[in-house]
Amino acid sequence: MSNDRADISGPVRVRFAPSPTGFLHVGGVRTAMFSWLTARHYGGQFILRIEDTDQKRYVEGAEEDLKASLRWAGIEWDEGPDVGGPHAPYRQSERLPLYNQYAHQLVEMGCAYKSWSSAEELDVERKAAAANHQPPPLRDRWRIATPEQIAAAEAEGKPYTIRLKMPEEGSTSFYDFVKNETITFENSRVDDTVLLKSDGYPTYHLAVVIDDNAMGITHVMRAEEWIASTPKHIRLYECLGWPLPMFAHVPNILRPDGRGKLSKRDGDVKTNEFWEKGYLPEAMFNFLVLQGWSYDEKTELMSQAEIVERFSLTRIQPSPARWDINKLNWMNGHYINHILTVDDLTRRALPFMHKAGLLTEVEALPGDDEYLYFQAIIALLKDRIKVLSEVPDLTGYFFVDHLKYDRALLLGKDKNAISVAQAS
Ligand code: GLU
């Protein structure tokens, strides 16, 4: 149970906090999986929180997709939307007053400031900086506004944003328990990020800190692209006097050639594409966990229960894994052939037959003749199946009316029946 690097001395509380901005990328499932495994292996809770505060990027139906994708992959949450919990609501758009209250408290404490800079003004500044090959300005001019200027702007009643006031001096460091290194940022190079937008919605940076604290999160595990945000978050924890969680940033899954992050240019990357193609969730879980974690460098086939048992945070690899679809196909074929029972395989293959119009749902109910006939075909052909969506093509000729062959023979599992059918 000991895991000093990640300081697991008591029950853990971990979370997956996706934004409903599109379909769930398999890399996201893998990140969720690491947190879920942490809760299951070390003992604790896994929380699902929906970070839906970016109204512009909100995609209708994305929350449903990501919940279905997680459940399909075998990841259930102990607290979150649908299941509730002691820190409900778990959807950020339902927690707005909390963020508002803290944003104003931070202003009063001198850790944040109000800005009346308009979007146009900021755009002009950004473009001017870009024209001079400079990065966008890190500070807003309202950071140094006089009390009179602020009072005048308040009196006008115009909308404002609230921005973090990063100290100019010093640096912020944190230990990353997956990278196993201390990462340091000079405060003077961290921007005064917006915390509360003029529409009253928080940005990710404010909401994530408030919620991770409120929900008692002990270990924050998230994708690598958030590393540069962590000093901003730490500043907020410090200002509010809250204990810091442990942080880890999980490397992205790379494209097969190692050049850049796996993306849709490389084929399927959305979780729902895999289930629609007929990958088995057991194989997907096994495969995905190995894209960035290993038990002993050699064991590949493991059930979810074995992975929970053998999981260790210190064996998440700090270097990125490359996507290996051939391995997934091999693994899926292995689960189909050697792990599922024929009956289980048949049941899972049936929806693909229904979709292809080869068997109707009424025709093939488990246990009836049509089902047993299909099951016998599956038993004979299963070593050829890599993904379930191939089943209609592989078995289709058995369901063509004019073919004459002896179903009784097939039910007796006589391979000759297949050659008769193929020859007809
Ligand atoms: N909402 C962020 C995302 O979708 C979560 C980042 C985090 O886990 O802190 O990537």
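Right above here is the structure, for reference.
Residues numbered from 1 in each chain as written. Predicted model: local features only at pLDDT ≥ 70, side-chain atom pairs only at ≥ 80, totals over all residues. Heavy atoms only, no water.

J.: When you look at the overall build of the chain in this model, what are you seeing that I'm missing?
T.: If you tally the helices and strands in the chain, you get 16 helices and nine strands. Expressed along its principal axes, the backbone C-alpha trace of the chain runs to roughly 95 × 45 × 45 Å. Taking contacts inside the chain between residues at least 6 apart in sequence as the whole, the part at least 24 apart equals 74%. Taken as a whole, the chain presents about 19800 Å² of accessible surface, with 52% of it coming from carbon and sulfur. (Helix = DSSP H or I, 4+ residues; strand = E, 2+ residues; numbered from the N terminus. Contact = heavy atoms within 4.5 Å. Areas by Shrake-Rupley, 256 points an atom, 1.4 Å probe, with all protein chains shown as cover.)

J.: Any chance you could explain the packing of aromatic side chains here in plain terms?
T.: Two aromatic rings are characterised by how far apart their centres lie and by the angle between their planes. One pass over the full model with this rule turns up 16 aromatic pairs. With a centroid separation of 5.8 Å and 80 degrees between ring planes, the pair formed by Trp36 and Phe285 is classed as edge-to-face. On the criterion of sequence distance, the pair formed by Trp36 in helix 1 (residues 26-42) and Phe285 in helix 9 (residues 281-290) is long-range, its members being 249 residues apart. Of the two residues, Trp36 and Phe285, both sit in the buried class. Through successive ring pairs, a cluster of aromatic residues spans Phe274, Tyr279, Phe287 and Trp323. When the ring centre of Tyr160 is taken as reference, the NZ or CZ atom of Lys114 above it lies at 4.6 Å. The ring centre of Tyr295 lies 4.8 Å from the NZ or CZ of Arg310, which sits over that ring. (Phe/Tyr/Trp six-rings, centres within 6.5 Å; stacked < 30°, edge-to-face > 60°. Buried < 20%, exposed > 50% of the residue type's maximum accessible area, 1.4 Å probe, protein only. Lys NZ or Arg CZ within 6 Å of the ring centre and 35° of its normal.)

J.: When you look at the side chain of Thr203 in this model, what are you seeing that I'm missing?
T.: Structurally, the position occupied by Thr203 is in the loop between strand 7 (194-196) and helix 6 (204-214). Relative accessible area serves as the criterion here: at 13%, Thr203 is assigned to the buried category. Aside from chain neighbours lying at most four places away, what touches Thr203 is Thr53, Val194, Leu195 and Lys197.

J.: In this structure, what is going on with the packing of helix 3 (residues 96-109) against helix 7 (residues 230-240)? I would like to understand it.
T.: In contact at an axis separation of 11 Å, helix 3 and helix 7 are set at 75 degrees when each is read in the N-to-C sense. The pairing of helix 3 with helix 7 is recorded here as roughly perpendicular in orientation. Listed contacts from helix 7 to Tyr102, Gln105, Leu106 and Met109 of helix 3 are Leu236, Cys239 and Leu240. (Axes fitted to C-alpha atoms, helices over the stretch in contact; angles between N-to-C directions. Parallel < 35°, antiparallel > 145°, perpendicular 65-115°, else oblique.)

J.: Looking at this structure, I do not really get the packing of helix 6 against helix 7. What am I missing?
T.: Two quantities define a packed helix pair, namely the angle between the helix axes and the distance between the axes. Between helix 6 and helix 7, the least distance of the axes is 10 Å, while the angle of their chain directions is 50 degrees. Judged by the inter-axis angle, helix 6 sits oblique to helix 7. Crossing handedness for the pair helix 6 and helix 7: right-handed. Between helix 6 and helix 7, the contacting residues are Tyr204, His205, Leu206, Val208, Val209, Asp212 and Asn213 on the first element and Lys232, His233, Leu236 and Tyr237 on the second. Taken together, the residues of the contact of helix 6 with helix 7 sort by class into six nonpolar, three polar and two charged. (Left-handed = near helix turned anticlockwise from the far one by under 90°. Nonpolar A, V, L, I, M, F, W, Y, C, P; charged D, E, K, R; others polar.)

J.: How should the pattern of salt bridges be read in this particular structure?
T.: If charged atoms from side chains of opposite charge come close, those side chains can pair. Under the definition given, this model contains 35 salt bridges. We note a salt bridge from Arg139 to Glu168, for which the minimum N-O separation is 2.9 Å. Linking Arg139 in the loop between helix 4 (119-131) and helix 5 (147-156) with Glu168 in the loop between strand 4 (161-164) and strand 5 (171-176), this pair joins segments that are 29 residues apart in sequence. For Glu168, a relative accessible area of 41% puts it in the partly exposed group. Each member of the salt-bridge network shares a partner with another, and the members are Glu63, Glu64, Lys67, Arg71, Glu76, Asp82, Arg91 and Glu94. (Salt bridge = Lys/Arg side-chain N within 4 Å of Asp/Glu carboxyl O.)

J.: Is there a simple way to explain the site of the ligand in this structure?
T.: In the vicinity of the ligand, the contacting residues are Arg15, Ala17, Pro18, Ser19, Glu51, Tyr204, Val208, Arg222 and Trp226. Here Arg15 contributes a side-chain N or O atom positioned 2.7 Å from an oxygen atom of the ligand. Glu51 is positioned with one of its side-chain polar atoms (N or O) 2.7 Å from a nitrogen atom of the ligand. Within the complex, the protein chains bury 82% of what would otherwise be the 290 Å² of accessible surface of the ligand. Class assignment for the residues of the shell around the ligand results in five nonpolar, one polar and three charged. (Near = heavy atom within 4 Å. Polar contact = N/O pair within 3.5 Å; in protein donor to acceptor, adjacent residues only side chain to side chain.)

J.: I keep staring at the environment of Val387 and nothing clicks. Help me out?
T.: Among the secondary structure elements, Val387 is positioned in the loop between helix 13 (369-381) and helix 14 (391-395). Overall, Val387 belongs to the buried group, its relative accessible area being 9%. The spatial distance from the C-alpha of Val387 to the C-alpha of Ile183 is 43 Å, given a sequence separation of 204 residues. Other than its neighbours up to four places away in sequence, Val387 contacts Lys277, Gly278, Tyr279, Asn329, Asn332 and Ile336.

J.: What is the right way to read the sheet that holds strand 4 from this model?
T.: The strands making up a sheet associate through backbone hydrogen bonding, with each pair oriented either parallel or antiparallel. In spatial order, the strands read 3-4-7; together these three strands make up an open sheet with antiparallel pairing. Looking at the sheet topology across the chains shown, the edges are occupied by strand 3 (112-115) and strand 7. Mean inter-strand twist for the sheet, computed between neighbouring axes without regard to direction, equals 40 degrees. When strand 3 meets strand 4, the two strands line up antiparallel, connected through four bridges. When the sheet's bridge partners are listed, Ala112 is paired in strand 4 with Leu164. Lying on the sheet, helix 3 is in contact with strand 3, strand 4 and strand 7; it crosses strand 3 at an angle near 105 degrees. (Pairing = 2+ DSSP bridges.)

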